[in-house]
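Fold and geometry: a report
The lines below spell out each chain.
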Amino acid sequence: MINVLVCGINGYMGKNITALLEADGEAKVVCGVDITPSQNNLTPTYALFNDVKEQVDVVIDFSSPACLNDEMEYCLKNNVPAVIATTGYSKEQLLYIDECAKKIAIFRTANFSVGINLLVKLVKEAAEFLGESFDIEIVEKHHNKKVDAPSGTALMLADSANAAYGGSKECLNGRSGSVGKRGNEIGIHAVRGGTIVGEHEVMFCGEDEIITLSHSARSKKVFAAGAIKAAKWLAGKPAGKYDMNNLIADL
């Protein structure tokens, strides 16, 4: 049995992970870390990683970038691998994650949906096939409580498309005012409203035709299930940085 610590256990995604693991025969939640207290937790929950007493095999993090340092210090000290599902990290934090991955196993992706990861692959293939004759625009839509924009998934899609051009294109987040004609760019646009779980649309706009690749998540459970699958896969892995491509290749 794999012992899981859930960072952000009192949040929506943390609750989804806990609920799914209640019926899981291979992994279980043994404790959680969350700065927001809850009166309903049946699982030991701590405000700080330093207070954790349980034996932990892997951390699943659906919290916020503010938790990163404490989380990584705990994981490095105890040689615990981490599944990082949080987005909105700064460039410095992403470099810090890379450094930590030299000492412990870290699984990080902006989106744990198998469908999204297929979309990432298709976007790169489409960009390679269509070339410079098509402009690329990305529209992402999320609920009104999401704090970062553009979404990590939108950036992942943009990076995938840009890889077809050797990373030469600039990512432009939205447009306002007299911006002039379109340059060598990938446009990214964020919509926030209601309870939209997550929708991503990549448009390849050419002369007299538009090709659209899209994905729509109807429930956050798909992300929780993906994170649990990643946690089971990551437990016991050697130090390194892993993502969905590694997991899918092993299935």
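Structure shown above.
Everything in this summary refers to the structure shown in the same document. (Residues numbered from 1 in each chain as written. Predicted model: local features only at pLDDT ≥ 70, side-chain atom pairs only at ≥ 80, totals over all residues. Heavy atoms only, no water.)

Okay, the overall build of the protein chain next. A tally of regular secondary structure across the protein chain gives seven helices and twelve strands. Taken over the C-alpha trace, the protein chain has a radius of gyration of 19 Å; the compact-globule value for 251 residues is 18 Å, and the two agree within 12%. Along the first, second and third principal axes, the C-alpha atoms of the protein chain reach 60 × 40 × 35 Å. Out of the 251 residues belonging to the protein chain, those deemed buried represent 47%. Look at the contacts in the protein chain between residues 6 or more apart in sequence, and 67% of them connect residues 24 or more apart. Within the structure as shown, the protein chain displays about 12,900 Å² of accessible surface, and the carbon and sulfur contribution to it stands at 51%. Separation of charge centres in the protein chain, based on 25 positive and 31 negative side chains, amounts to 3 Å. (Helix = DSSP H or I, 4+ residues; strand = E, 2+ residues; numbered from the N terminus. Rg over C-alpha atoms; globule rule 2.2 N^0.38 Å. Buried < 20%, exposed > 50% of the residue type's maximum accessible area, 1.4 Å probe, protein only. Contact = heavy atoms within 4.5 Å. Areas by Shrake-Rupley, 256 points an atom, 1.4 Å probe, with all protein chains shown as cover. Lys, Arg positive; Asp, Glu negative; His and termini not counted. Charge placed at Lys NZ, Arg CZ, Asp CG, Glu CD.)

The subject of this paragraph is the layout of surface pockets. Volume-wise, the largest pocket comes out at about 1,200 Å³. Lining the largest pocket are 45 residues, with M13, F62, S63, H143 and K220 sitting closest to its centre. At the level of secondary structure, the elements contributing two or more residues to the lining of the largest pocket comprise α1 (12-22) and α5 (152-163). A per-element tally of the lining of the largest pocket places α1 first, with three residues. In this structure, the second largest pocket occupies an estimated 700 Å³ of space. Lining of the second largest pocket is provided by 27 residues; of these, R108, G152, L155, M156 and D159 occupy positions nearest its centre. Contributing elements (two or more residues each) for the lining of the second largest pocket: α3 (91-100), α4 (114-130), α5, β12 (240-242) and α7 (244-250). If one sorts the elements of the lining of the second largest pocket by residue count, α5 sits on top with four residues. Across the lining of the second largest pocket, the residue classes tally to eleven nonpolar, nine polar and seven charged. (1 Å grid on protein atoms, 1.4 Å probe; cavity = no way out; pocket = protein on both sides within 12 Å on 5 of 7 lines; lining within 4 Å. Points joined across faces, edges and corners; volume = space filled by probe spheres on them. Nonpolar A, V, L, I, M, F, W, Y, C, P; charged D, E, K, R; others polar.)

Now for the sheet that holds strand β9 (residues 185-192). In spatial order, the strands read β8-β9-β7-β10-β11; together these five strands make up an open sheet with mixed pairing. Looking along the sheet, the strands with just one partner apiece sit at the ends: β8 (170-173) and β11 (209-217). With strand direction ignored, the average angle separating the axes of adjacent strands in the sheet is 20 degrees. Here strand β10 (residues 198-206) runs beside β11; their pairing, made up of nine bridges, is antiparallel. Looking at β11, one finds that M203 is bridged to T212. α4 rests against β7 (135-142), β10 and β11 of the sheet, and its axis sits at about 165 degrees to β11. (Pairing = 2+ DSSP bridges. Axes fitted to C-alpha atoms, helices over the stretch in contact; angles between N-to-C directions.)

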